[in-house]
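Single-letter residue listing:
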Amino acid sequence: MTDLSSTRCYVLGLETQIGLSLVRELGAAGVTVIGIAQDETALGLRSRYLSHAALLHSPRTPQGLAELRAIGERFGPGTLLAVSEANLQWLMDEREALGVLSPVLPDAEAFAIVLDKTRTLDAARAVGIEVPETASPVSWAEVEQLAIGCRFPVVLKWADPAKVAGRLAELGLPLEKAEHIYSAEQLIAACARYRPLGQWPVVQEYCAGTGLGQFFFMHRGQAVRRFQHLRIAEWPPEGGFSSVCDAVPLDQHRDLQERSIALLQRIGWHGVAMVEYRHDSATGRSVLMEINGRFWGSYPLALHAGAGFALISHAVQAGAGAAHAACAGHALAGPHGGDRTQASAAHPAAAAQDHRPAVPAAPLQELSRFVTDYFRPAVCYYVWSWRDPRPFLQDMRNLLRRH
């Protein structure tokens, strides 16, 4: 059985709290961690858990591939974890040309399904998961018909953002992850931007509730590690990234967990994945939003709660096996609740008490929670750590530079 303290893991993408958390988890377990950043101000480059660091100047290019191979030759054979979907796709395309690096990658067809929201929703329906009502216009006439017949609000999303990102950039248009629309006039105006593209985002019903994330490591068709959290605050409040989140005990939402696992089994998923829902506690309704086939933005919470996924990902790829990594980490079942993480001292307000889009929560209640969190011992932070303070200082420097 492989001794993980004698193994080497490369982490590509140290610019955010995600890559930083991967470095901390692996380094704390004794793995030799080589961090690869695209920016010399990356948070993860300052971590004490990093054994070596390297810069990748031309990612996702032939020159970048040569740089990546050279980094591997400099430090020696090891596994390779990537943070972003763009880098995962690049590594999948070049997996035979990475030299001594052994990338942790999903199956190509499963990854294609995860990237395509339409195919994801089809797979979810097949295993009994509720999905939002969704329309996929293919012409301007269909957009106009939707504007007449829609119940507002709705959300615009690209079925496969990676496929349109390049063309949008050529036209000088931003890639909107999710755009909330409240009227027929606003829908027409939003979709008119894409007429030169000749493609339109899907139009999806707005689902009330808060974000419920369920996280799994799939190995040989089985979920060998699981974790879940509830988003306490999001930005934007009507649905976005998690700025404050709580661990949820695994005895809650058990049926939904099993359906999430059935969905990942159906698409043939291997490795780490997040299955994301909008959960309405008033009605008990949970509606699928998407699958993230990568490490997620609030990953620090899983790490703080003792349910990290980086070590098990590395161990399986290194040949140690899932059982070995499970013993080296913490319990497979995850926490019993009480753990919370928040992004920073300036996190945005949540919409947990009012499910109408773009309506903030009661400000006094939000302020009370915000202040109280600083005195709760179970509250941790995405970047700040007493054991590893330098990434936080770098984050503050980066913030000052931007302003």
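Keep in mind the model is a prediction, meaning the values are calculated, not measured.

**Student:** So, the pairing of strand S4 (residues 78-82): which residues are in play, and what are the values?
**Tutor:** With respect to burial, S4 is a largely interior element, 5 of its 5 residues being buried. Relative to strand S5 (residues 101-103), S4 runs parallel, the two being bridged by 3 bridges. Its bridge partner lying in S5, leucine 80 is registered against proline 103. Chirality of the crossover, the property in question, places the unit of S4, helix H3 (residues 85-93) and S5 among those that are right-handed.

**Student:** Just give me the short version of the sheet that holds strand S2 (residues 32-37), but keep the residues and values in it.
**Tutor:** Within the open sheet, the 5 strands sit side by side as S3-S2-S1-S4-S5. Their pairing is parallel. Because the sheet does not close on itself, it has two edges, and the strands there are strand S3 (52-55) and S5. Taken over all neighbouring pairs, the strand axes of this sheet differ in orientation by 25° on average, direction set aside. Where helix H2 (residues 62-75) meets the sheet, its contacts fall on strand S1 (8-12), S2, S3, S4 and S5, and the angle it forms with S3 comes to roughly 160°. In the packing of helix H11 (residues 310-318) onto the sheet, the strands contacted are S1, S4 and S5, and the crossing angle to S4 comes to about 140°.

**Student:** Report on the packing of aromatic side chains, specifying residues and quantitative values.
**Tutor:** Aromatic rings in a pair are described by how distant their centres are and how their planes are angled relative to each other. Evaluation of the coordinates by the stated rule reveals 9 aromatic pairs. Plain terms: the ring middles of tryptophan 158 and tyrosine 194 are 4.9 Å apart, the flat faces sit at 80° to each other, and that makes the pair edge-to-face. Of this pair, tryptophan 158 sits in the loop between strand S7 (154-157) and helix H7 (161-170) while tyrosine 194 sits in the loop between helix H8 (184-192) and strand S9 (202-205), and the two are 36 residues apart along the sequence. Tyrosine 194 matches tryptophan 158 in its accessibility class, with the two residues each being buried. Between phenylalanine 295 and tyrosine 299, the aromatic rings sit 5.4 Å apart at their centres with planes inclined by 80°, giving edge-to-face as the arrangement. In this structure tyrosine 299 comes out as buried when scored by relative accessible area, which is 0%. Put simply, the rings of Phe215, Phe227, Phe295, Trp296, Tyr299 and Phe309 touch in pairs and so form one group of aromatic residues.

**Student:** Requested: an account of the environment of tryptophan 200, with residues and values cited.
**Tutor:** Inspection of the secondary structure puts tryptophan 200 in the loop between H8 and S9. Here tryptophan 200 falls in the buried class, since its relative accessible area comes to 12%. A C-alpha to C-alpha distance of 6.4 Å links tryptophan 200 and proline 137, two positions 63 residues apart in sequence. At 3.1 Å, the side chain of tryptophan 200 forms a polar contact with the backbone oxygen of cysteine 191.

Cut-off values and rules
- Residues numbered from 1 in each chain as written.
- Predicted model: local features only at pLDDT ≥ 70, side-chain atom pairs only at ≥ 80, totals over all residues.
- Heavy atoms only, no water.
- Buried < 20%, exposed > 50% of the residue type's maximum accessible area, 1.4 Å probe, protein only.
- Helix = DSSP H or I, 4+ residues; strand = E, 2+ residues; numbered from the N terminus.
- Pairing = 2+ DSSP bridges.
- Right-handed = clockwise from strand over helix to strand, strands pointing away.
- Axes fitted to C-alpha atoms, helices over the stretch in contact; angles between N-to-C directions.
- Contact = heavy atoms within 4.5 Å.
- Phe/Tyr/Trp six-rings, centres within 6.5 Å; stacked < 30°, edge-to-face > 60°.
- Polar contact = N/O pair within 3.5 Å; in protein donor to acceptor, adjacent residues only side chain to side chain.

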